[in-house]
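Here's the letter readout for the chains.
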Amino acid sequence: MLITMIVLSVVLIVVLTAVFKVHPFLSLLAGAFFVGITTGMPLLTVVENVNEGFGGLMKGIGLVIVAGTIIGVILEKSGAAFRMAEVVLRLIGEKRPQLAMSVIGYIVSIPVFCDSGFIILSSLKKALAKRAKVAIASMAVALATGLYATHTLVPPTPGPIAAAGNIGAEGYLGTIILIGLFVAIPAVVVGYLWAVKVGSKISVPEDVEDNGLDYDEIVKSFGQMPSTFKAFLPIVLPIVLIGVGSVAKLTMEEGGFNNFLQFLGAPSVALLFGVLAAFLLLPKWNEETLTKWIGEGLKEAAPILLITGAGGAFGKVISNSGVADLIGGMNFDALAGGAFFLLVPFIIAAALKTAQGSSTAALVITSTLVAPLLPAMGIEGAVPFALVVMAVGAGAMTVSHVNDSFFWVVTEFSGMKVTDAYKAQTMATLLQGVTTIVVTMILWMILV
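Conventions we followed
- Residues numbered from 1 in each chain as written.
- Predicted model: local features only at pLDDT ≥ 70, side-chain atom pairs only at ≥ 80, totals over all residues.
- Heavy atoms only, no water.
- Helix = DSSP H or I, 4+ residues; strand = E, 2+ residues; numbered from the N terminus.
- Rg over C-alpha atoms; globule rule 2.2 N^0.38 Å.
- Buried < 20%, exposed > 50% of the residue type's maximum accessible area, 1.4 Å probe, protein only.
- Contact = heavy atoms within 4.5 Å.
- Areas by Shrake-Rupley, 256 points an atom, 1.4 Å probe, with all protein chains shown as cover.
- Lys, Arg positive; Asp, Glu negative; His and termini not counted.
- Charge placed at Lys NZ, Arg CZ, Asp CG, Glu CD.
- Salt bridge = Lys/Arg side-chain N within 4 Å of Asp/Glu carboxyl O.
- Phe/Tyr/Trp six-rings, centres within 6.5 Å; stacked < 30°, edge-to-face > 60°.
- Expected span 1.5 Å × (residues − 1).
- Polar contact = N/O pair within 3.5 Å; in protein donor to acceptor, adjacent residues only side chain to side chain.

Attention shifts here to the overall build of the protein chain. Within the protein chain, the secondary structure is distributed over 23 helices and 0 strands. For the protein chain, the C-alpha radius of gyration of 22 Å lies close to 22 Å, the compact-globule estimate for 448 residues. Taken over the C-alpha atoms alone, the protein chain extends approximately 65 × 55 × 45 Å along its principal axes. Taken across its 448 residues, the protein chain has 58% of its residues classed as buried. Across the protein chain, contacts joining residues at least 24 apart in sequence account for 81% of those joining residues at least 6 apart. A total of about 18000 Å² of accessible surface is found on the protein chain, and carbon and sulfur atoms cover 68% of it. Taking the 24 positively charged and 26 negatively charged side chains of the protein chain as two groups, their mean positions are separated by 8 Å.

Let us look at the pattern of salt bridges. Tallying each qualifying case throughout the model produces 6 salt bridges. The salt bridge partner of glutamate 86 is arginine 83, with a shortest N-O separation of 2.8 Å. Residue glutamate 86 and its partner arginine 83 are located together in helix 4 (residues 80-92), separated by 3 residues, close to a single helical turn. Residue glutamate 86 shares its accessibility class with arginine 83, and that shared class is buried. In this structure, aspartate 420 engages lysine 423 in a salt bridge whose closest nitrogen and oxygen atoms are separated by 3.9 Å. With aspartate 420 and lysine 423 both in helix 23 (residues 418-447) and 3 residues apart, this pair spans about one turn of that helix. Here lysine 423 falls in the partly exposed class, since its relative accessible area comes to 46%.

The next thing to look at is the packing of aromatic side chains. In total, this model carries 6 aromatic pairs according to the counting rule given. Judged by centre distance (5.3 Å) and plane angle (90 degrees), the ring pair of phenylalanine 407 and tryptophan 408 falls under edge-to-face. Phenylalanine 407 gets classed as buried once you look at its relative accessible area, which sits at 0%. Grouping aromatic residues by their ring pairs yields a cluster made of Phe118, Tyr148 and Phe406.

Turning our attention to the environment of glycine 265. Its place among the elements puts glycine 265 in helix 14 (residues 256-265). Each C-alpha atom of the pair glycine 265 and isoleucine 3 lies 39 Å from the other, and the pair is 262 residues apart in sequence.

With 15 residues, helix 2 (residues 24-38) should cover 21 Å at 1.5 Å per step; its first-to-last C-alpha distance of 21 Å lies within 8% of that length. All of the buried residues in helix 2 are Pro24, Phe25, Ser27, Leu28, Leu29, Gly31, Ala32, Val35 and Gly36. Buried residues in helix 2 make contact with helix 1 (2-19), helix 3 (43-78), helix 16 (287-319) and helix 19 (359-370). Of the residues one or two after helix 2, glycine 40 is the one with positive phi, at around 85 degrees.

Residue placement: serine 367 occurs in helix 19. By relative accessible area, which is 0% here, serine 367 ends up buried. Separated by 3.0 Å, the side chain of serine 367 and the backbone oxygen of valine 364 make a polar contact. With residues near it in sequence (within four places) discarded, serine 367 still touches Ala162, Ala163, Asn166, Ile167 and Val392.

Structural data, given as structure tokens:
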């Protein structure tokens, strides 16, 4: 009965979100109350668990999400994202434009939401396609899949952070970032190959029309862009600080200097230093930048915080419903070795992603559901937790189609027909998800 109620709560969330278009925040809260009440939990205890779950998750990752979104907005508005793209183009060369787009997407989507990143770089993508005489659709798929890989796998993107928080791995963000950056590479490569193979055969009206876009003019039209150092610093600095803190925690003896390094490497502190680094990108320090730009970042963070907090409430109710004891008594011999267990979060996340469209919601809900399984499987520690997050992220890639806002951003800004977008973008995300889970399972067998 307990398992049945939990399954029904997930169905309720999917139906509310996908069919009735209820915001995931309210859908997750409804699922939390449904589980608590139907499993016989005292009503006041249900309320207590919902409040504790919401607040507990915010305590661990709330500031990280807010800081990450502020950095993303500043990178977007200051021209830093465009500068990063321009640097990558110079390094890779315009003779391999699709590869350049894939790498640009891989980098830009670490702090910037994939939807925003695609829109920002859309004019550059079209101008470069015209200059290199390649199909716009192939450039669009290369950019979209590059953005999509790090969006679902690499903190400080909110989805992977929320998944880490739900399974109790917020203290291992350094390891998750490192493994996420590595695991995202095969996903980007698969997306690039699919873009070249399939996207190049898709024609859009702008391929034969003069769209008036010239690469050099597009770069000039963006105005005075920040230096390369300043553009990359808000991304690189937090990652380095988190990495240093993680190394200090593992290898150094307790003491004042070690504590200082761990302080700098605490995700909330590291991301706040990233915000300070992003301030160097501000064209002026005035109300427009210091209030409105930051305010826009807070607005973008708000729905993510609410969804993440509601996911924490859902997870707290589930964990206190008795499911952990029930799972603890089950026989997991069929999943011995751990690598095959990764298929469980992958399949759940893929089903949720395909049903309701949001990768972030799929990451939040799936990580909540699998969290009670981890102790029963003996899964603990930085690398195993990181690979569980990768498995959830792989499922959250699979697949992007008409109920996903990113699908429509790619379709509309590239001029593809929906049928062509299914063939190019949706199939590419399927291949990315499958590739990612295979790579993750291989890494499990090697590292765990």
